[in-house]
Amino acid sequence: MEPKYKTIFATQIRAIDADESTRNEAKASLTQLRNLLPANINPEDEPALLFVAGNLAVAGLVNLNDDGVDIETGIAIAKGFERQQINLEHERKNVVGYIVHAGFSELGTDRVITADEARAAGKPFNIAVVMALWRTVDKDLCNYILESSSPTNPDFKSLSLSFEIGFNG
């Protein structure tokens, strides 16, 4: 069934794995979100993949389209993002990777939190994801993400994640 309404949410992304010149800066900026990586995944052991972490959306707030995901809905939908495809510009035929893991982080600090902590706090939180991008599928994209992950790069914090969600009411 096709949903009656659709909306798009967007937020910034950061690379977990970085080239030698930005490795320490990128890792330092991802100390919290890196904790979302499943224990069985080590980016250094996966040279064909670029792991990227980001806060996909904020539950408990309204976006620029006046749409929002409330706290309970944010908790309920988060796991549904896992194993979903990553594409560019909402072009479903341009798949470059997949979501490895979805979880939650504290708004403003990126401290990884549990669903119970998010619920108990009763305030907005991030739905955070770790994605794996295939380096060979879009080498230019992966290089751009790596380069723009450095605070000294003019494109630092210029990339964003966005997702589309359908709903009927």
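First, a word on scope: everything that follows refers to the structure included in this document. The numbering scheme is per chain: residues are counted from 1 as the chain's sequence reads. Totals for whole chains, interfaces and linings use all residues, but because this is a predicted model, local features are given only for residues with pLDDT of at least 70 and pairs of side-chain atoms are given and counted only at 80 or more. Side-chain metrics in this entry use all non-hydrogen atoms of the structure; hydrogen atoms and water are not considered.

1. Quick word on helix 2 (residues 71–78)
Here's step 1: Throughout, exposure labels follow a simple rule: accessible area from a 1.4 Å probe, protein chains only, divided by the maximum for the residue type, with under 20% read as buried, over 50% as exposed, and the rest as partly exposed. Secondary structure elements follow DSSP: runs of H or I no shorter than four residues count as helices, runs of E no shorter than two count as strands, and numbering proceeds from the N terminus. Residues of helix 2 that are buried: Ile 71, Gly 74, Ile 75 and Ala 78. Angular distribution of buried residues about the axis of helix 2 spans 95°; they occupy a single face of the element.
Here's step 2: Check the buried side of helix 2 and you find it contacts strand 2 (49–59), strand 4 (91–106), helix 3 (115–121) and strand 6 (125–134).
Here's step 3: Among the residues of helix 2, the N-terminal cap falls to Asp 70, whose side-chain oxygen and the backbone nitrogen of Glu 72 are separated by 3.3 Å. The directions considered for the arc are those from the helix axis to the C-beta atoms. A contact between two residues is defined here by any heavy atoms of the two lying within 4.5 Å. Polar contacts, as used here, are pairs of N or O atoms within 3.5 Å; protein pairs need one atom able to donate a hydrogen and one able to accept it. Residues neighboring in sequence count only if both atoms are side-chain atoms.

2. Quick word on the packing of aromatic side chains
Here's step 1: Centres within 6.5 Å are what make two rings of Phe, Tyr or Trp a pair, Trp counting through its six-membered ring; a difference in plane orientation under 30 degrees is then read as stacked, over 60 as edge-to-face, and the rest as tilted. Applying the stated criterion to the full structure yields two aromatic pairs.
Here's step 2: Summarising the aromatic geometry, the rings of Tyr 98 and Trp 134 are spaced 5.9 Å apart at their centres and angled 40° between planes, so their arrangement reads as tilted. In this pair, Tyr 98 is assigned in strand 4 and Trp 134 in strand 6, connecting sequence segments 36 residues apart.
Here's step 3: On the accessibility criterion, Trp 134 (31% relative accessible area) is partly exposed.
Here's step 4: Seen in terms of ring centroids, Phe 104 and Phe 125 are 5.4 Å apart; in terms of plane orientation they differ by 80°. Their pairing is edge-to-face. Placement of the pair is Phe 104 in strand 4 and Phe 125 in strand 6, with a sequence separation of 21 residues.
Here's step 5: On the basis of relative accessibility, which here comes to 9%, the residue Phe 104 falls in the buried class.
Here's step 6: By relative accessible area, Phe 125 is classed as buried at 2%.

3. Notes on the pattern of salt bridges
Here's step 1: Within this document, salt bridges are pairs made up of a side-chain nitrogen of Lys or Arg and a carboxyl oxygen of Asp or Glu, the two lying within 4 Å of each other. Tallying each qualifying case throughout the model produces six salt bridges.
Here's step 2: One salt bridge connects Glu 82 with Arg 83, and the closest N-O pair in it is separated by 3.8 Å.
Here's step 3: With relative accessibility at 66%, the residue Arg 83 sits in the exposed group.
Here's step 4: Across the pair Arg 119 and Asp 116 runs a salt bridge, and its minimum N-O distance is 3.4 Å. Taken together, the residues Arg 119 and Asp 116, both in helix 3 and three residues apart, mark about one turn of the helix.
Here's step 5: Three or more residues joined by partner-sharing salt bridges are found here, namely Glu 72, Asp 116 and Arg 119.

4. Overview of a nonpolar patch on the surface
Here's step 1: Taken together, the side chains of Val 95, Trp 134 and Val 137 define a hydrophobic patch exposed on the protein surface, amounting to about 220 Å² of accessible area.
Here's step 2: Checked against the element boundaries, Val 137 lands in the loop between strand 6 and helix 4 (139–148).
Here's step 3: Residue Val 137 is classed as partly exposed on the basis of its relative accessible area of 45%. What makes a patch is a set of residues exposed beyond 30% relative accessible area and free of salt bridges, joined within 9 Å when like-charged and within 5 Å when nonpolar (Val, Leu, Ile, Met, Phe, Trp, Tyr). In these tables, accessible area is a Shrake-Rupley quantity obtained with a 1.4 Å probe, and a residue counts as shielded only by the protein chains included in the view.

5. What to know about the nonpolar core
Here's step 1: In plain words, nonpolar cores are sets of buried Ala, Val, Leu, Ile, Met, Phe, Trp, Tyr and Cys residues tied together by side-chain atoms within 4.5 Å. Judged by nonpolar contacts, the single largest core of 28 residues is most densely connected at Leu 50, Phe 81, Phe 125, Val 129, Met 131, Leu 133 and Ile 145.
Here's step 2: Ignoring anything within four residues of it in the chain, the contact list for Phe 125 reads Ala 57, Val 58, Ala 59, Ile 71, Gly 74, Ile 75, Phe 104, Ser 105, Leu 107, Ile 113 and Ala 118.

6. Notes on the pairing of strand 4
On a regular strand, one side chain projects to one face of the sheet and the next to the other, so that they alternate.
Here's step 1: Criterion used throughout: strands pair if DSSP finds at least two bridges between them. Of the strand pairs in this sheet, strand 3 (residues 85–88) and strand 4 are connected by four bridges, and their pairing is antiparallel. Directly across from Gln 85, in strand 4, lies its bridge partner Tyr 98.
Here's step 2: Taken together, strand 3 and the strand that follows it, strand 4, pair antiparallel across an intervening segment of two residues, in which Glu 89 is found at a positive phi of about 55°.
Here's step 3: Of the strand pairs in this sheet, strand 4 and strand 6 are connected by nine bridges, and their pairing is antiparallel. Residue pairing across strands places Gly 103 opposite Ala 128, the latter belonging to strand 6.
Here's step 4: Across two bridges, the pairing between strand 4 and strand 5 (residues 112–113) is antiparallel. From the neighbouring strand, Phe 104 faces strand 5, where its bridge partner is Ile 113.
Here's step 5: Hairpin geometry of strand 4 and strand 5 is characterised by an intervening segment of five residues between the two adjacent antiparallel strands and by a positive phi of about 95° at Gly 108.

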